Amino acid sequence: MEDDDLRLTWSKILTALTQDPGVTAPLYGFASLIEPKGIMAGTIYLEVPNDFTRSMIEQRLRTPLLIAIGLLGIDAKITTFAIVVNPDLGAPSAPDELALEAEPENRNPPTAPTIMAASPETESRLNPKYNFDSFVIGSSNRFAHAAAVAVAEAPAKAYNPLFIYGDSGLGKTHLLHAIGHYAQSLYPTIRVRYVSSEEFTNDFINSIANNRGAAFQSRYRNIDILLIDDIQFLQGKAETQEAFFHTFNTLHDHNKQVVITSDLPPKHLTGFEDRMRTRFEWGLITDVHTPDLETRIAILRKKAEREKLTASDDILEFIASKVTSNIRELEGTLIRVTAFATLNREPINLSLVQTVLKDLITLDEDNIIAPVDIINNTADYFRLGIDELTGTSRAQAIATARQIAMYLCREMTNLSLPKIGQLFGGRDHTTVMHACKKIAELMKERRSIYNQVTELTTRIKQGTAYAHNGIH
Ligand SMILES: Nc1ncnc2c1ncn2[C@@H]1O[C@H](COP(=O)(O)OP(=O)(O)OP(=O)(O)O)[C@@H](O)[C@H]1O
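Residues numbered from 1 in each chain as written. Predicted model: local features only at pLDDT ≥ 70, side-chain atom pairs only at ≥ 80, totals over all residues. Heavy atoms only, no water.

An unreviewed UniProt entry lists the chain under the name Chromosomal replication initiator protein DnaA, from Alpinimonas psychrophila. For the chain, the Subunit (unreviewed entry) comment in UniProt is given as "Oligomerizes as a right-handed, spiral filament on DNA at oriC." Taken from UniProt, the Sequence similarities (unreviewed entry) comment for the chain reads in full: "Belongs to the DnaA family." (UniProt positions renumbered as here; feature names shortened; annotations may be inferred.)

Here it is in C-alpha cells:
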C-alpha cells in the first residue's frame, strides 16, 4: 500500500475513534501517539514510542480500534492490528501532522514538543531524591505514576496538562520531580522548571516590583516542561492567576508540557476563574490516595534500604500499621526510630519502636497543629523571643533552635517547604529542606538534639490536645 493510502486509512481510523463515545480525550491521546507503518496480510502495523503506550492501547483501546477498523469496510482489507514499540518515536520531533489532521474541534490533541537547546541559566530546581526509582508504586498511586511516566517519555504528546491532586504528603511533589528527572535523562537538552505556586507568586510580585516582567516571562515561557506544585495556593490571587494563565497558554500553544499538582480536583478549587479551571481539565486529571498497608511497608522498606538501616520486616510492618495516613509522617517515624537506635546503640526491635512511637504524633483531622504553636513552643523551650527564632541571627544556638522548629513544622503540619520558609523570615524552600535534613542527621548524632525534638513534640502535642479539649 502506498504511503498516502496508509495515511488516509489511518486518519479514517482516528476519525472513527474520535466519534466513539467510549474513547475519552486521554485515551485518544494514546491513539495519537501511534505511527502507522504498513499493512500486511490483513494486519495494520502500528508503532508507539514506549511500552506504557502499547499496554494502554492494548488494554483500553483494543476494542475501539477493532471497531474502527471494521468500519473501514472489506475494501480496506484490514481485519486487525499489531503494535510494535519504537523508542525513537518518543524523541520529540516535528509536530505530528497526522494527529492534527484527525483532531476533532473540541479536543486538545497532543503534539510533539520542539525542544529548545538547553541554556545554562535555566536551572530545573529538581530535588535528586525524588525520582521514579525511589517511588513505590501501589494501588493508591498506580495511575498517577503511569501518567507521570507517559508525560516524561513524550512531553506535550500524551496529556497536557497533567493534573495530579490528592491530600498532603502522598507523593505529588515526588512525582513532579521524577517527571523532570526522567525527561532530562531521555532528552538531555530539554528545559525543565519546577516551581511551587508560592515561589511563582513571589517571583511574579518581585518582577513587578523591580520592573523585571520580561525576565519573569522568559523564565517561565522558554522551557519545555513546567512543573507547578500546589496550585491551590493561587486561590484568590487574581493577578498571579492572570500571569499563570498567560504562561500556561503560551506553553500549551507551543506544545510545551505543563504538569500541575493540587490538593483538590479542578472543579472543587474555589477562588479560580472558570477559564483557569477549564484549562486544568484539558488534559488528564489523576489523583493519589492514602497508601494501603502493603504500599506503606514497601515504602518503608525502600527507604530503609536506601539509608542502609537494618530493620526487620516485622518492625517495618509494625510502623506501617501505626502510621497510616501520610507518607511524610511514615518517613518521619523511621527517622526517629533510627536516630533513637543509633544514639542508644541498640538494635531496632519492637520495644524500641514502641517507645519512640509513644512520643510521636499522628496527625488526624481532630488534632491539627498550627505552625504558630510550634513557633511559640520552640521559642519558649529555648528561651528565645519569637523575633529571634524567626529572624536572621546566625548564632549557633539560635540557628539550631530555628532548624528544629522548621523540622517540626515539616513533620507536624501540612505546610509546604516554601510556606515554612515564609514563616521563618521569608527564607527559601532549600533552606528549609537543608534544616530538615540537618536535624534528621543531628538526631542520630547528638542525644541532646534528639531529646529536644522529642520533648518539644510532646509539649506541642499536649498543647493541641488541651486546646482541643477546651483547656487553656
Ligand atoms: N510512593 C512513594 N514512594 C516513596 N516515597 C514516597 C511515595 N509517596 C510519597 N513519598 C515520600 O513522602 C514524602 C511526602 O511526599 P510529597 O512531598 O511528594 O507529598 P505531596 O503530596 O507533594 O504533599 P504536599 O501536598 O504536602 O506538598 C516525600 O519524602 C516523598 O518522597
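Now for the sheet that holds strand 5 (residues 192-196). Pairing is parallel across the open sheet formed by five strands, whose spatial order is 5-6-7-4-8. The sheet is open, and its two edges are formed by strand 5 and strand 8 (284-287), each paired on a single side. Averaged over all adjacent pairs, the angle separating strand axes in this sheet is 15°, with direction ignored. Pairing geometry for strand 4 (residues 162-165) and strand 8, over four bridges, is parallel. Paired with Tyr165 across the two strands is Asp287, which belongs to strand 8. In the packing of helix 7 (residues 197-209) onto the sheet, the strands contacted are strand 5 and strand 6 (225-229), and the crossing angle to strand 5 comes to about 95°. (Pairing = 2+ DSSP bridges. Helix = DSSP H or I, 4+ residues; strand = E, 2+ residues; numbered from the N terminus. Axes fitted to C-alpha atoms, helices over the stretch in contact; angles between N-to-C directions. Contact = heavy atoms within 4.5 Å.)

Attention shifts here to the site of the ligand. The environment of the ligand is formed by 19 residues, the closest being Ser168, Gly169, Thr173, His174 and Glu331. Within the contact set of the ligand, an oxygen atom lies 3.5 Å away from a side-chain nitrogen or oxygen of Tyr130. Across the complex, the protein chains shield 95% of the 630 Å² of accessible surface that the ligand would expose by itself. Every element with two or more residues in the shell around the ligand is listed here: helix 6 (172-186) and helix 13 (327-344). The residue makeup of the shell around the ligand, split by class, is six nonpolar, eight polar and five charged. Residues lining the shell around the ligand come from more than one domain, with at least three contributed by each of domain 2 (132-287) and domain 3 (293-362). (Near = heavy atom within 4 Å. Polar contact = N/O pair within 3.5 Å; in protein donor to acceptor, adjacent residues only side chain to side chain. Areas by Shrake-Rupley, 256 points an atom, 1.4 Å probe, with all protein chains shown as cover. Nonpolar A, V, L, I, M, F, W, Y, C, P; charged D, E, K, R; others polar. Domains from an automatic or database assignment.)

Let us now look at the layout of surface pockets. Its volume calculated, the second largest pocket comes out at about 270 Å³. In terms of residue count, the dominant contributor to the lining of the second largest pocket is helix 7 (five residues). Taken domain by domain, the makeup of the lining of the second largest pocket includes at least three residues from each of domain 2 (132-287) and domain 4 (371-468). (1 Å grid on protein atoms, 1.4 Å probe; cavity = no way out; pocket = protein on both sides within 12 Å on 5 of 7 lines; lining within 4 Å. Points joined across faces, edges and corners; volume = space filled by probe spheres on them.)

For Tyr194, the position within the fold is in strand 5. Placed 21 residues apart in sequence, Tyr194 and Thr173 show a C-alpha to C-alpha distance of 9.6 Å. Side-chain polar atoms of Tyr194 contact the side chain of Asp229, separated by 2.6 Å.

So, about the nonpolar core. Counting residues in hydrophobic clusters, the biggest one holds 117 residues, and the most contacted among them are Phe30, Ile44, Tyr159, Ile179, Leu227, Ile319 and Leu408. The dominant element in this core, judged by the number of residues it contributes, is helix 17 (residues 396-412), at nine residues. Contact partners of Ile319, with chain neighbours within four places excluded, come to Leu300, Leu330, Thr333, Leu334, Val337 and Val353. The next biggest cluster of nonpolar side chains, apart from the first, holds 23 residues, and it includes Val195, Leu226, Met276 and Phe280. (Core = buried A, V, L, I, M, F, W, Y, C linked by side-chain atoms within 4.5 Å. Buried < 20%, exposed > 50% of the residue type's maximum accessible area, 1.4 Å probe, protein only.)

Below, the discussion takes up the packing of aromatic side chains. Any pair of aromatic rings gets described here by the distance separating the centres and the angle formed by the planes. What the rule picks out here adds up to 14 aromatic pairs. An angle of 80° between the planes, with centres 5.5 Å apart, marks the rings of Phe30 and Tyr159 as edge-to-face. Taken as a pair, Phe30 in helix 2 (residues 25-31) and Tyr159 in the loop between helix 5 (142-153) and strand 4 lie far apart in primary sequence, 129 residues in all. A centroid spacing of 5.9 Å and a plane angle of 70° characterise the contact between Phe272 and Phe280, whose relative ring orientation is edge-to-face. Of the two residues, Phe272 and Phe280, both sit in the buried class. In this structure an aromatic cluster arises from ring pairing among Phe163, Phe200, Phe204, Phe216, Tyr220, Phe244, Phe248, Phe272, Phe280 and Trp282. Directly above the ring of Tyr220 sits Arg193, whose terminal nitrogen or CZ lies 5.0 Å from the centroid. One residue, Arg275, lies across the ring of Phe245, its end atom 3.7 Å from the ring centre. (Phe/Tyr/Trp six-rings, centres within 6.5 Å; stacked < 30°, edge-to-face > 60°. Lys NZ or Arg CZ within 6 Å of the ring centre and 35° of its normal.)

With that out of the way, let us pick up the pairing of strand 6. The two faces of the sheet receive side chains in turn, since in a regular strand these alternate between them. For strand 6, the buried fraction is high: five of the five residues fall into the buried class. Residues Ile225, Leu227 and Asp229 of strand 6 are buried on one face, and the alternating residues Leu226 and Ile228, pointing to the opposite face, are buried as well. Pairing between strand 5 and strand 6: five bridges, direction parallel. Bridge assignment links Tyr194 to a residue of strand 6, and that residue is Leu227. Alignment of strand 6 against strand 7 (residues 257-262), held across four bridges, turns out to be parallel. Paired with Ile228 across the strands is Ile260, a residue of strand 7.

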